[in-house]
Amino acid sequence: MVKELIEYIALALVDDPSQVVVSQHQMGGRTRLELRVAREDMGRVIGKNGRVANAMRVLLRVAAARERKQATLDVVEPR
Amino acid sequence: MEDGKTMLEVIGPTVEDAIEMGLDQLGLPREAVEVEVLDPGSKGVFGLGGRQARVRLTFGMIKKEAVSDTGTVQKIETEQESLSLDTLTAEENQRSLQVASMVVRDLLERMHVRAKVSARYLQVPDEVEQPTVLIEIQGNDLSILIGRRSETLNALQYLTNLIVGKELSRWVPVLIDVQGYRARRERQLRILARRMAEQAIHTGRRQVLEPMPPDERRLIHLELRDHPHVTTESIGEDPNRKVTIVPKK
């Protein structure tokens, strides 16, 4: 499951792992991942100019391709 | 170390690799150390999940053997001192290697990429303040790990650096290579730099190269730094920043 890759990275980067949630939505052949972290950790998973989030997307693409799927990642603002 | 001996424990894919890595780290020849195999390791069913080999290198016996004149003794004793000072960090350095290779293994596993991962230091840890960890990934058909303009490799390296830094609570530079790709690419870039420089001189016009990541641009600048007839500069913004080669007037 591609979700595990994002979970692993997010858990490793945040200060507050208890707030890390990755939800997975299936739309046909596409998987949409939503990553939620504590507000204080948003910067850590997004990075300057979105560099961290984009690096996660690059690895996610590889992981999804191995499962013959396509996957996207959104970092969602905490409520 | 009253008896002048110090130990270093190293892990590696095989016993031989572990010994090599240890000697590399210490900057010592094979004859200078005593090797004790703590764990011969095992291959594991899928290449992944195998146990690494563990060896202990004992060194510091040089003093008794290699003495010809007072100058030599002096020099060896100084080396001994610096080695003993660094045995504290030798453990830290060893842990950095372990953490870095573990992070890369974890990431690859979750990317469903099966490969062999080994870690060693690029420099002798005793000689530089912050040695760079080199992670080498070996396996079949790993082009997927490199990607267009080494995009995947750089993303993997970037995230690994962040995770390792967080885990160790200090910055440890980690360089990742796949199947010797970086060395090959370096050679190609040097040749490219030379060729484009010649073209710049020949045509009298500036040559604009493909967009490249920072480390690759740096290599081009370095290669042509002392070139008598061209200068180089980078233009544009990442990720589309490009090196241009300008003929000197």
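Residues numbered from 1 in each chain as written. Chains lettered and ligands numbered in written order. Predicted model: local features only at pLDDT ≥ 70, side-chain atom pairs only at ≥ 80, totals over all residues. Heavy atoms only, no water.

Novice: Before we move on, can you summarise unusual backbone geometry with the specific residues and values?
Specialist: Despite not being glycine, Asn49(A) has its phi angle at roughly 55°, a positive value. Relative to the assigned elements, Asn49(A) resides in the loop between helix H2 (42-46) and helix H3 (51-66). You can call Asn49(A) exposed: its relative accessible area is 76%. Positioned with a positive phi, Gln179(B) is a non-glycine residue whose angle comes to about 50°. Along the chain, Gln179(B) turns up in the loop between strand S6 (174-178) and helix H5 (181-203). Residue Gln179(B) is classed as partly exposed on the basis of its relative accessible area of 31%. (Helix = DSSP H or I, 4+ residues; strand = E, 2+ residues; numbered from the N terminus. Buried < 20%, exposed > 50% of the residue type's maximum accessible area, 1.4 Å probe, protein only.)

Novice: Outline the confidence of the model for chain B, listing residues and values.
Specialist: Of all residues in chain B, 78% have pLDDT values of 70 or greater, and the mean over the chain is 81. Reported for the predicted complex are a pTM of 0.66 and an ipTM of 0.96. (pLDDT = per-residue confidence, 0-100.)

Novice: Outline the sheet that holds strand S2 (residues 30-36) of chain A, listing residues and values.
Specialist: All names here are of chain A. Ordered by their spatial adjacency, three strands build an open sheet running S1-S2-S3, and the pairing between neighbours is mixed. Edge positions in the sheet fall to strand S1 (21-27) and strand S3 (70-76), since each has one partner strand and no second. The sheet shows a mean angle of 20° between the axes of neighbouring strands, direction not considered. When S2 meets S3, the two strands line up parallel, connected through seven bridges. Bridge pairing in S3 places Arg-36 opposite Val-76. The sheet strands contacting helix H1 (residues 2-13) are S1, S2 and S3, and the helix crosses S2 at an angle near 20°. (Pairing = 2+ DSSP bridges. Axes fitted to C-alpha atoms, helices over the stretch in contact; angles between N-to-C directions. Contact = heavy atoms within 4.5 Å.)

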